[in-house]
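# Understanding the architecture of this molecule
This is what each chain is made of:
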Amino acid sequence: MIHMTLCFDEGTGNQIMTGGFLTDKQAAYGWMFKLSEWANFSSYDVGLRSGSTASHILVFDRRTKRLVEEAIDGKIVLSMRALYQSKVGLTLIDSGVKDILKNLSEKQGKKMNSPESAKDIPKFLELFAGQINMDETKDPIESFKTFNEFFIRQLKPSARPIAHIDDGSIATCAADCRLMAYSSVDESTRFWIKGRKFSIEGLLGADAHYNAFKNGSLVIFRLAPQDYHRFHVPVSGTVEKFVEIPGCLYTVNPIAVNSKYCNVFTENKRVISIISTPEFGKVAFVAIGATMVGSITFVKKEGDYVHKGDEFGYFSFGGSTVICVFEKDAIQFDADLLANSERSLETLVEVGTTLGVSKRNRGLKVSELQKCSIE
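Residues numbered from 1 in each chain as written. Predicted model: local features only at pLDDT ≥ 70, side-chain atom pairs only at ≥ 80, totals over all residues. Heavy atoms only, no water.

Naming follows an unreviewed UniProt entry, where the protein chain appears as Phosphatidylserine decarboxylase proenzyme 2 of Aegilops tauschii subsp. strangulata. In its Catalytic activity (unreviewed entry) section, the UniProt entry covering the protein chain states "a 1,2-diacyl-sn-glycero-3-phospho-L-serine + H(+) = a 1,2-diacyl-sn-glycero-3-phosphoethanolamine + CO2". The Sequence similarities (unreviewed entry) comment attached to the protein chain in UniProt states, word for word, "Belongs to the phosphatidylserine decarboxylase family. PSD-B subfamily. Eukaryotic type II sub-subfamily." (UniProt positions renumbered as here; feature names shortened; annotations may be inferred.)

Here is the structure:
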């Protein structure tokens, strides 16, 4: 019953049976979940309210085709709700919490760069057991002299193959992350971003905003602390410029993003790069800082030609977010990413997997390419 309810398409009234939709934990006590849902105290919330009230965020693992849980400490959930989901919290934010978060992040950043912080690496691996594969890491764990060295670890080149690497008309995912993709800004604000005044102009600022991005498509790559924290170029082209915008360091957790009381993406510190491509036109790549993330580092510079899949930069300690903005009608996102996003369900993806295909490309689409054979 729970499975059928969660797979019900409210827009069409059709029943969509998706194999393995429930997590193992949910299936174990599904009757409790259903009972709590009736009482409006749902611990698991898939749909329009996902992330704003849930103590466990559900994300769809693209590789395994199953839902997985992203657990959050109960005390942290309560504090984030109090701060980001209430008018009282808004008052606190406007009266000095911004500065507190910034100072806290800077202090924590210095701590994670100290030699003493290396002792926290085993504890971190234990906390996220099963979610961090050290076999993929380029360097052995004993080589990391600080926690931040471990946090920005590089992976072996074979760990993240780039899909259709020689085809510039196919964009790929920029990070190991939880992803939301929208064909228009209106869709993103209807399903996910609930900030008071979110806009592309506000996100990019005057120095990086072009009319071409008006009503454009956007994709949100949310990185959690346990993720590989280097981000990669999703398209091939030339880096035209970098624009740095100072700002706050709010959390990028969905509890804050889904809040109508603050604008996480347009108020946080961010660095914007504009990439000029032949297949997609201009693409804005926005690296956004967050609580405990005071440092955004790019490894490319203005004028560089970048290939799809190249390492572009990294975030130091903490979770963070990358947003890519495409020109209107420039990209067709993969159908599974759009379908999940329309249900306010993030998709767990890895660097180099397919993101979408250029609408300006007159050749074959991704689905057609997979059917081709050489004779």
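Read on for the rest.
Before going further, it helps to examine the environment of Val325. Following the sequence through the fold, Val325 ends up in strand S13 (residues 320-326). By relative accessible area, which is 0% here, Val325 ends up buried. Taking C-alpha positions, Val325 is 9.6 Å from Ile274, a pair spaced 51 residues apart along the chain. The residues contacting Val325, other than those within four sequence positions of it, are Ile200, Leu203, Phe213, Ser217, Leu218, Lys282, Val283 and Ala284. (Helix = DSSP H or I, 4+ residues; strand = E, 2+ residues; numbered from the N terminus. Buried < 20%, exposed > 50% of the residue type's maximum accessible area, 1.4 Å probe, protein only. Contact = heavy atoms within 4.5 Å.)

As summarised here, the arrangement of the three strands in space is S6-S12-S10, forming an open sheet in which the pairing is antiparallel. For this open sheet the edge positions go to strand S6 (230-232) and strand S10 (296-298), each flanked by a neighbour on one side alone. Strand-to-strand twist across the sheet, computed as the mean angle between neighbouring axes with direction ignored, equals 25 degrees. Both S10 and strand S12 (residues 311-315) contribute to a ladder of three bridges, which runs antiparallel. Bridge assignment links Phe298 to a residue of S12, and that residue is Gly313. (Pairing = 2+ DSSP bridges. Axes fitted to C-alpha atoms, helices over the stretch in contact; angles between N-to-C directions.)

Right, let's get into the sheet that holds strand S16 (residues 354-358). Adjacent strands of a sheet form backbone hydrogen bonds with each other and so pair up, either parallel or antiparallel. An order of S3-S16-S14 is seen for the three strands of this open sheet, with the pairing classed as antiparallel. Edge positions in the sheet fall to strand S3 (170-172) and strand S14 (331-333), since each has one partner strand and no second. With strand direction ignored, the average angle separating the axes of adjacent strands in the sheet is 30 degrees. Bridge count between S14 and S16: three bridges; the pairing is antiparallel. What sits directly across from Ile331, in S16, is Ser358.

With that settled, consider the pairing of strand S5 (residues 217-223). In terms of burial, S5 is a largely internal element, seven of the seven residues being buried. The alternating pattern of S5 places Ser217, Val219, Phe221 and Leu223 and Leu218, Ile220 and Arg222 on opposite faces, both of which are buried. Relative to S5, strand S4 (residues 177-182) is paired through five bridges, and the arrangement is antiparallel. Paired with Tyr182 across the strands is Leu218, a residue of S5. Pairing analysis gives seven bridges linking S5 to S13, with the strands arranged antiparallel. When the bridges of S13 are listed, Phe221 appears paired with Val322.

Attention now goes to the UniProt feature "modified residue: Pyruvic acid (Ser)" (unreviewed entry) in the protein chain. Taking the numbering used here, the UniProt-annotated feature "modified residue: Pyruvic acid (Ser)" (unreviewed entry) corresponds to Ser320. Structurally, Ser320 is set in strand S13.

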